[in-house]
Amino acid sequence: MMEMIKRNKLTAALTAAVVVAVVFGMLCVPAAMAKPQGGSDDAGTNQTFTNEVKSFYATGGNITPVNFTEIDFVTGKWQGFYGNVSGELVLANDGGVNKFVEWTWLNNGTVFAAAQEMNFTEWRALEAKNAAAIDTAFGFVAGDSDSADHTFTETSDALVIAGQSVPGVANGQAVTLSSAATNWETNAYALTGGTITDYVFAGNISVDGTAFDGTPQDYQMIVPVTTTEESQIYYFYVELV
């Protein structure tokens, strides 16, 4: 079975003029072995938080206390993604126009954000990575409040990717916030080289889970953005099981 899916290109903006371009590229699926695949995208509006600027008059001879409390300083190291997932499992011809067999999807799977386009061999060569490795690859200072060391604080899950079981590691998972009890996880993986373009981040699918803003969503995840470049590309794939 050979399936080729063409995906559109979208650009996601980040605070502090950091831009993440989410590119949906070409994907070929080899016979007899499934791997994460692309899908049609429906990108929403980018959102970010901005603090209000305060000003004070300074007068010679005065001494004035100025306190800063409950400051929400927006990170420039991370991009968040969330949204819905739908689909089915099929055996079909090129383009999926004619289906030989189709199965109802049972709402399990993973959304992947890869720093490069991935082929079948690369999917099966991924290794789980920890916070220290992420900080090194993306040029973050481990002591910063928003470093990977302070973000990926949980043990990553053992995950089957393209039929290959990848064991988890300590400090290889980040958990993002939910206004209810949904557990939104992002696990980190990379090829042996461990450079930025070797990285793949995996977000668990939890159909109709409660997102950070209280809305029902199917996934919620974060990816790092190097602070040394103006923009960074992530390629999105989905594996339904």
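Residues numbered from 1 in each chain as written. Predicted model: local features only at pLDDT ≥ 70, side-chain atom pairs only at ≥ 80, totals over all residues. Heavy atoms only, no water.

## Details of the pattern of salt bridges
A side chain of one charge can pair with a side chain of the opposite charge when the charged atoms of the two come close. Enumeration over the complete set of coordinates arrives at 5 salt bridges. The closest approach of N and O atoms between Asp 144 and Lys 77, which form a salt bridge, is 3.3 Å. Linking Asp 144 in the loop between helix H2 (131–138) and strand E10 (152–154) with Lys 77 in the loop between strand E4 (26–29) and strand E5 (78–83), this pair joins segments that are 67 residues apart in sequence. When its relative accessible area of 28% is taken as the criterion, Asp 144 is described as partly exposed. Assessed through its relative accessible area of 12%, Lys 77 is described here as buried. Here Asp 146 makes a salt bridge to Lys 77, at a shortest N to O gap of 2.9 Å. Within this pair, whereas Asp 146 is found in the loop between H2 and E10, its partner Lys 77 is found in the loop between E4 and E5, the two being separated by 69 residues in sequence. Its relative accessible area of 22% is what places Asp 146 among the partly exposed residues. (Salt bridge = Lys/Arg side-chain N within 4 Å of Asp/Glu carboxyl O. Helix = DSSP H or I, 4+ residues; strand = E, 2+ residues; numbered from the N terminus. Buried < 20%, exposed > 50% of the residue type's maximum accessible area, 1.4 Å probe, protein only.)

## A few points about H2
Of the positions making up H2, those classed as buried are Ala 131, Ile 134, Asp 135, Ala 137 and Phe 138. Relative to the axis of H2, the buried residues are bounded by an arc of 170 degrees and lie together on one face. Looking at the buried side of H2, the elements it contacts are E5, E10, strand E14 (184–190), strand E15 (199–204), strand E18 (219–224) and strand E19 (231–240). Gly 139 occupies a position one or two residues after H2 and carries a positive phi of about 75 degrees. (Arc of directions from axis to C-beta. Contact = heavy atoms within 4.5 Å.)

## Topic: the pairing of E14
Burial of E14 is extensive: 7 of the 7 residues sit out of reach of the surface. Side chains Trp 184, Thr 186, Ala 188 and Ala 190 of E14 all project onto a buried face; the interleaved residues Glu 185, Asn 187 and Tyr 189 project onto the opposite face, where all are buried too. With 2 bridges joining them, strand E9 (residues 127–128) and E14 adopt antiparallel strand pairing. Counted as the bridge partner of Ala 128 is Tyr 189 from E14. (Pairing = 2+ DSSP bridges.)

## Regarding the side chain of Gln 220
With respect to the helices and strands, Gln 220 occurs in strand E18. A relative accessible area of 5% means that Gln 220 is categorised as buried. Within the structure, Gln 220 has its side chain in polar contact with the side chain of Thr 176 (distance 2.9 Å). Discounting chain neighbours no more than four positions away, the residues touching Gln 220 are Phe 81, Tyr 82, Thr 176, Leu 177, Trp 184, Glu 185, Thr 186, Ala 211 and Phe 212. (Polar contact = N/O pair within 3.5 Å; in protein donor to acceptor, adjacent residues only side chain to side chain.)

## Quick look at the confidence of the model for the protein chain
Of the residues in the protein chain, 78% reach a pLDDT of 70 or more, and the chain-wide mean stands at 82. Counting interchain partners and residues more than four positions distant, the pLDDT-below-50 stretch residues 1–32 has 111 contacts. (pLDDT = per-residue confidence, 0-100.)

## Examining the environment of Met 118
As for its placement among the helices and strands, Met 118 is situated in the loop between strand E8 (109–114) and helix H1 (120–123). Here Met 118 falls in the buried class, since its relative accessible area comes to 6%. Taking the C-alpha atoms as reference points, Met 118 and Asp 198, 80 residues apart in sequence, are found 9.5 Å from one another.

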